[in-house]
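# Reading the structure
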Amino acid sequence: MANEDEARDWNGDTGRYWADHAEHYDAMLAHLTPHLLDAARIEPGERVLDIGCGCGTTTLLAAGRGAAVLGADLSGPMLAVARERAAGVDGVRFEQADVQVHDFGAGSFDLALSRFGVMFFDDPLAAFTNVTRALRPGGRLAFLCWQDLRENEHRVLALDAIAPHVDTADAVPPGPGPFSFAQPGYLRELLTGAGLTGIAVDDVRAPVRLGADAAAAADFLRRGAMLRTIFGRYPAETVERAVAALTEALVPHETPDGVLLGAATWLVTARRP
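The sections below set out a description of the structure shown in this document. Note that the structure is predicted; figures quoted are calculated from it, not measured.

The number of helices and strands found in the protein is 12 helices and eight strands. A principal-axis box enclosing the C-alpha atoms of the protein has dimensions of 55 × 40 × 30 Å. Taking all 273 residues of the protein together, 52% fall into the buried category. For the protein, the exposed surface amounts to about 11600 Å²; the carbon and sulfur share of it is 52%. The positive charge centre, built from 24 side chains, and the negative charge centre, built from 37, are 5 Å apart in the protein.

Structure, rendered in structure tokens:
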């Protein structure tokens, strides 16, 4: 695999955490996922590649629209959940693969889609060039990725709440990561370089659900990769003060449907000529 650091992470603590909290993440993204599926325009009988399929949610949703779907991901723990969820479902298969280098077969798919699974390549041009090759002429690409961190209330609130107690300056390190596709100009340049045309980058905003109440949401956030990395540098008493401040900051956002905060994403579509 080319993405050695990412492969290690997604087969380690991060991958296991996502696998253990698959339903929580699905609930978190429930207001965003339909935007992706609508843009993908899946037709019965189409062949679909789900990039960074994780625990298989979008793979199964695409299959539910009559497609034959291959879910590809680096994470063994998440793929184990995906395979368990897909037991007995026709037209679904999964493969542990690095999309940058894996041979999916030229022209094998009508559509490639991804729900927040494309931002972690150490060579994104190579990855999207490989995806372009896997699409048939006229084949489509549709994915969701995050806009800039400061556009995402669910991240900003967490970092601002804990900032009096811990250093958050390097919360977004350089290189692959959730916000590596935050700039639409870069996205268009990247996809053009990969041989795609008809590129559209649309602003999609919706609430994300972080937990049933403020305490549950704070616990979920503290165990995610971003805060876990920050908190790992501090003693337990400092972390607990920071988490208490985060919990307090989340209380005003409690609703009958759970803790809801705003999210800003790019919905990106393109096609192979």
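We now examine the packing of helix 7 (residues 124-134) against helix 9 (residues 184-193). Between two packed helices, what matters for the description is the angle formed by their axes and the separation of those axes. Taken N-terminus to C-terminus, the directions of helix 7 and helix 9 make an angle of 50 degrees; their axes are 8 Å apart at the nearest point. When the axes of helix 7 and helix 9 are compared, the pair comes out oblique. Along this stretch, helix 7 crosses helix 9, giving a crossing that reads as right-handed. Residues Pro124, Leu125, Phe128 and Thr129 of helix 7 pack against Tyr186, Leu190, Leu191 and Gly193 of helix 9. Split by residue class, the contact of helix 7 with helix 9 holds six nonpolar, two polar and no charged.

Glancing now at the packing of aromatic side chains. The geometry of two aromatic rings is summed up by the distance between their centres and the angle between their planes. Taken as a whole, this structure holds 13 aromatic pairs when the rule is applied. Look at tryptophan 10 and tryptophan 18: their rings are 5.8 Å apart centre to centre, the planes differ by 70 degrees, and that puts the pair in the edge-to-face class. Their ring planes at 85 degrees and their centres at 6.0 Å tell us that phenylalanine 121 and phenylalanine 128 sit as a pair that is edge-to-face. We classify phenylalanine 121 as buried; its relative accessible area is 10%. Residue phenylalanine 128 is classed as buried on the basis of its relative accessible area of 1%.

Inspection of helix 7 places Pro124, Ala127, Phe128, Asn130, Val131, Thr132 and Ala134 among the buried residues, and these make up the whole buried set. Tucked inside the fold, the buried residues of helix 7 contact strand 1 (47-51), strand 4 (109-115), strand 5 (135-146) and helix 9.

So, on to the pairing of strand 4. Within strand 4, seven of the seven residues are buried, which leaves the element mostly enclosed by the surrounding structure. Strand direction decides the pairing type here: strand 1 and strand 4, joined by three bridges, are parallel. Across the sheet, leucine 49 pairs through a bridge with alanine 112, a residue of strand 4. Read as a crossover between parallel neighbours, the route from strand 4 over helix 7 to strand 5 is right-handed.

Here we take up the pattern of salt bridges. Overall, the coordinates contain 13 salt bridges when judged by the stated rule. Aspartate 203 is paired through a salt bridge with arginine 205; the nearest N and O atoms lie 3.0 Å apart. In this structure aspartate 203 comes out as partly exposed when scored by relative accessible area, which is 45%. For arginine 205, a relative accessible area of 45% gives the class partly exposed. Across the salt bridge formed by arginine 223 and aspartate 219, the nearest N and O atoms sit 2.9 Å from each other. Of the two residues, arginine 223 and aspartate 219 both sit in helix 10 (residues 214-223), four residues apart, roughly one turn of that helix.

Analysis parameters
- Residues numbered from 1 in each chain as written.
- Predicted model: local features only at pLDDT ≥ 70, side-chain atom pairs only at ≥ 80, totals over all residues.
- Heavy atoms only, no water.
- Helix = DSSP H or I, 4+ residues; strand = E, 2+ residues; numbered from the N terminus.
- Buried < 20%, exposed > 50% of the residue type's maximum accessible area, 1.4 Å probe, protein only.
- Areas by Shrake-Rupley, 256 points an atom, 1.4 Å probe, with all protein chains shown as cover.
- Lys, Arg positive; Asp, Glu negative; His and termini not counted.
- Charge placed at Lys NZ, Arg CZ, Asp CG, Glu CD.
- Axes fitted to C-alpha atoms, helices over the stretch in contact; angles between N-to-C directions.
- Parallel < 35°, antiparallel > 145°, perpendicular 65-115°, else oblique.
- Left-handed = near helix turned anticlockwise from the far one by under 90°.
- Contact = heavy atoms within 4.5 Å.
- Nonpolar A, V, L, I, M, F, W, Y, C, P; charged D, E, K, R; others polar.
- Phe/Tyr/Trp six-rings, centres within 6.5 Å; stacked < 30°, edge-to-face > 60°.
- Pairing = 2+ DSSP bridges.
- Right-handed = clockwise from strand over helix to strand, strands pointing away.
- Salt bridge = Lys/Arg side-chain N within 4 Å of Asp/Glu carboxyl O.

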